[in-house]
Amino acid sequence: MPEQIPSAPFEGDGDSRPFWEGIARGELRIQHCASCGHHVFYPRALCPYCHSDQLAWVVASGKGSIYSYTVAHQAPAGEIPFVIALVELEEGVRMMTRILGASRERIEIGAPVRLSIESLADGPALPYFRLAE
Amino acid sequence: MASSPRAAIVGVAESDLGRTPDKTVLQLQAQAAKAALDDAGLQFSDVDALFCAGNWAWSPNLMLAEYLGIRPRYSDATNIGGSSFEAHIQHAVAAIEAGLCDVALITYGSTQRSDRSRYRGGRTFRLTEQYEGYFGLPTPVGAYALAAMRHMYEFGTTSEQLAEVAVATRKWATLNEKAMMRDPITIEDVLNSRWIAEPLHLLDCCLVTDGGGAVVVTSADRARHTRKAPVWILGYGVAHTHNTIANMPDLAVHQAAIDSSRAAFAMAGLTPAAMDVVEIYDSFTITVILTLEALGFCGRGEGGAFVSGQRTAPGGPFPMNTNGGGLSYCHPGMYGIFLLIEATRQLRGECGQRQVPNARLALAHGTGGVLSSAATVILGKD
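Values in this document were obtained by computation on a predicted structure and should not be read as measured data.

Calculation criteria
- Residues numbered from 1 in each chain as written.
- Chains lettered and ligands numbered in written order.
- Predicted model: local features only at pLDDT ≥ 70, side-chain atom pairs only at ≥ 80, totals over all residues.
- Helix = DSSP H or I, 4+ residues; strand = E, 2+ residues; numbered from the N terminus.
- Contact = placed C-beta atoms within 7 Å.
- Rg over C-alpha atoms; globule rule 2.2 N^0.38 Å.
- Buried ≥ 20, exposed ≤ 12 C-beta atoms within 10 Å, placed from the backbone.
- pLDDT = per-residue confidence, 0-100.
- Domains from an automatic or database assignment.
- Nonpolar A, V, L, I, M, F, W, Y, C, P; charged D, E, K, R; others polar.
- Pairing = 2+ DSSP bridges.
- Axes fitted to C-alpha atoms, helices over the stretch in contact; angles between N-to-C directions.
- Parallel < 35°, antiparallel > 145°, perpendicular 65-115°, else oblique.
- Left-handed = near helix turned anticlockwise from the far one by under 90°.
- Arc of directions from axis to C-beta.

Let's shift gears to the overall build of chain A. Along its length, chain A carries 1 helix and 8 strands. The secondary structure elements of chain A, listed N-terminal to C-terminal, are α-β-β-β-β-β-β-β-β. Expressed along its principal axes, the backbone C-alpha trace of chain A runs to roughly 45 × 30 × 25 Å. Of the contacts made within chain A by residues no fewer than 6 positions apart, 51% connect residues no fewer than 24 positions apart.

Below, the structure is given as structure tokens:
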């Protein structure tokens, strides 16, 4: 399937700069709450579970599974179709991504996936996922 | 009834619908507002509260009030997506009850079809958009597709069951001369229409139209002296659970609608089984199935079976989306105001060949964002 990301790179803001710096270095950084123990994604100032401000950055394992997915046949720009998924990381957070390099038939809810930080078609480096072998 | 109603809907109207390339969003709302006030037997000079949800200006209320020549003493621009107008009912009744206003005008308008503004390419993504936007999910349809895929996985819901909703809704549209799409369709037509975002086909998706609407709400005392019989506001509830689809607590459960409808039924002292006609936001076919489950019309996971066999079509046991819905009548970006307009007309007995016989209690339920927000309104007549 063609895979192309249309957009300008993003440098991050007060919440996300460590996240995007991590992506640039090839690692997926999420937050961990020292107060309640939850992992948190996307990054924010207060833990959404206990509202503590004791959030520390940790590097996610990059292992997860597909929570849900869709094959988009229409998009704001770029080539279609492509697979977009919500991936649940083993740390317990959910994030949007694309599943790269897999045929449509092999993609299913529950399938194990692994992080693959890549830049597609001159787009920004982003945390994509591929099916785990 | 839990307590005597404190306010009523006394006027409703649409503007021109469909494609209105020569009209601005302000013209559409002026047209709808004037017609809704006429419907109520009220004047613009009676209006002392304005409720809008729009993006036509940095302050939609300031621009629209000036354009309409009104000076509200109560102003509310709450925007929680397509359910905003059901939420405005909550706010309007609360404001009337608190003595802060007497005649509330709720309006909406959009020229999104003529503007071709549905998709904006090449934009940058700000704040919490930055974690999703770059992946190119077509919004909002892609988010609803993710929910549909999860619902199918958990409960075995099928594409045929989703299509039942589109087919039944189209049958209602054939009975509404204002509906944009009036040719009957079959389950096979839905399944054979092109993919937008799997598992949603084109005919699982709402229309993209222009259009506007207006609703006039006033106090119980004043409502008894307007032109038509009041449509009493018996209960309402509002909730929102998330903004980005990745943060929806459970993609197979419309939790906001569970919360908003529980509040509305409790306030009205009524149950789902008491409703004679229901108008449910149908941005996509999956929206309806998730909402029917959330509102308690069927059990969790049973929405697909509930709509099967054309149970929601004209003549069926569960009259739903009787104007043809967002799927076939109109959908100018945010549809919630049209749910209130149709529910009011059904209770007044104004719906001609699509009239549900003896409708005394109606439910209007809006859903906004990506299954993010919900607002439920229960209406009744004397």
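On we go.
Turning our attention to the overall build of chain B. Scanning chain B for helices and strands turns up 13 helices and 11 strands. On C-alpha atoms alone, chain B measures out to a radius of gyration of 19 Å, which is about the 21 Å that the 2.2 N^0.38 rule sets for 382 residues. Projected onto its principal axes, the C-alpha positions of chain B cover 50 × 50 × 35 Å. Out of the 382 residues belonging to chain B, those deemed buried represent 59%.

Let's shift gears to the confidence of the model for chain B. For residues with low pLDDT, the predicted coordinates do not support detailed interpretation. On average, chain B scores 96 in pLDDT, and the residues at 70 or more come to 98%. Scoring the predicted complex yields pTM 0.96 and, for the interface, ipTM 0.95.

This brings us to the domain arrangement of chain A. Residue and element names in this part refer to chain A. One can read the domain layout of chain A as domain 1 (11–59) and domain 2 (61–133). On a C-alpha basis, the centroid separation for the pair domain 1 and domain 2 is 21 Å. With 8 residues of domain 1 at the interface, the matching set in domain 2 holds 10 residues. Only α1 (17–24) and β2 (39–40) provide two or more residues apiece to the side of domain 1 that touches domain 2.

Between chain B and chain A, the residue contacts involve 28 residues of the former and 29 residues of the latter. Looking at the side of chain B that touches chain A, the elements that each hand over two or more residues are α5 (141–155) and β5 (195–197) of chain B. At 6 residues, the largest contribution of residues to the side of chain B that touches chain A is made by α5 of chain B. Partitioning the side of chain B that touches chain A into residue classes produces 16 nonpolar, 7 polar and 5 charged.

Residue and element names in this part refer to chain A. Reading across from one edge, β2-β1-β3 is the order of the 3 strands in this open sheet, with antiparallel pairing throughout. Every interior strand has two partners, whereas the edge strands, β2 and β3 (55–59), have only one. Of the pairings in the sheet, the one linking strand β1 (residues 29–33) to β3 comprises 5 bridges and is antiparallel in character. If you follow Gln31 over to β3, its bridge partner there is Trp57.

The next thing to look at is the sheet that holds strand β11 (residues 373–380) of chain B. Residues and elements named next belong to chain B. Within the open sheet, the 9 strands sit side by side as β3-β2-β4-β7-β1-β8-β11-β10-β9. Their pairing is mixed. A strand with exactly one partner marks an edge of an open sheet, and here the two such strands are β3 (74–76) and β9 (277–280). The sheet shows a mean angle of 25 degrees between the axes of neighbouring strands, taken without regard to direction. Summarising the sheet, strand β1 (residues 7–14) and strand β8 (residues 231–240) pair through 2 bridges and their orientation is antiparallel. Each bridged residue has a counterpart across the sheet, and for Ala8 the counterpart in β8 is Trp232.

Take the packing of helix α1 (residues 25–40) of chain B against helix α2 (residues 60–68) of chain B next. Packed helix pairs are characterised by how far apart their axes lie and by the angle those axes make with each other. Residue and element names in this part refer to chain B. Following both chains from N to C, one finds α1 and α2 inclined at 60 degrees, their axes separated by 10 Å at the closest point. Relative to α2, α1 is oriented oblique. You can see that α1 and α2 cross each other, and the crossing is right-handed. Contact residues: α1 offers Leu26, Gln29, Ala30 and Ala33, while α2 offers Leu64, Tyr67 and Leu68. Grouping the amino acids of the contact of α1 with α2 by side-chain chemistry returns 6 nonpolar, 1 polar and no charged.

Quick look at the packing of helix α6 (residues 159–173) of chain B against helix α10 (residues 285–295) of chain B now. Residue and element names in this part refer to chain B. At their nearest, the axes of α6 and α10 sit 8 Å apart, and the two run at 100 degrees to each other. The angle between α6 and α10 places the two elements in the roughly perpendicular class. On α10, the residues touching Leu162, Ala163, Val165 and Ala166 of α6 are Thr285, Ile286, Val288 and Ile289. A class-by-class count of the residues in the contact of α6 with α10 yields 7 nonpolar, 1 polar and no charged.

Residue and element names in this part refer to chain A. For α1, the complete set of buried residues consists of Phe19, Trp20, Gly22 and Ile23. Here the buried residues of α1 occupy an arc of 155 degrees about the axis, which is enough to place them on one side. Where the residues of α1 are buried, they touch β1, β7 (112–119) and β8 (125–131). Within two residues after α1, Gly26 carries a phi angle of roughly 85 degrees, on the positive side.

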